[in-house]
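Next come the chains, spelled out residue by residue.
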Amino acid sequence: MEEYNSGEEVSFNPDEISVSVKECVEGVIGGTDYNQSKVNQWTASIVEHSLTHLVKQGRAFKYIVNCTIMQKSGAGLHTANSCYWDTATDGETLKKTNKDYFKII
């Protein structure tokens, strides 16, 4: 089986991905305040838009998109994830914003 190679750079660029993810998050939530009744809709839209942007880049990467939205009220949040990847070509990005809540991608 042939590997996908468009002749472009094949390493993960977190800065480039951060810009794309930020655009997705801002497009879905913008500067709105936390609203518990909209969290499910927001997370689904952010994941869908982020994945669509990543796939449109046409690079031969595997993508995992995780979105957690939490009201910033002093309550704790415990979460765990595990991934196995090639550190030479794969990577990650993180986005935290807004005075009312954290958005983590």
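Residues numbered from 1 in each chain as written. Predicted model: local features only at pLDDT ≥ 70, side-chain atom pairs only at ≥ 80, totals over all residues. Heavy atoms only, no water.

Colleague: Would you mind showing me how to read the nonpolar core here?
Modeller: Nonpolar side chains in soluble globular proteins tend to end up buried together. Listed in full, the 11 residues of the largest apolar core are F12, I17, V21, V25, I29, V39, W42, I46, L54, C67 and I69. Residue assignment for this core shows that the elements contributing at least two residues are α1 (14-28) and α2 (39-56). By residue number, the principal contributor to this core is α2, which donates 4 residues. For V39, the contacting residues outside a window of four places in its chain are Y34 and I69. (Core = buried A, V, L, I, M, F, W, Y, C linked by side-chain atoms within 4.5 Å. Buried < 20%, exposed > 50% of the residue type's maximum accessible area, 1.4 Å probe, protein only. Helix = DSSP H or I, 4+ residues; strand = E, 2+ residues; numbered from the N terminus. Contact = heavy atoms within 4.5 Å.)

Colleague: Is there a simple way to explain the environment of T43 in this structure?
Modeller: Here T43 lies in helix α2. You can call T43 buried: its relative accessible area is 18%. Residues contacting T43, with those up to four places away along its chain left out, are C67 and I69.

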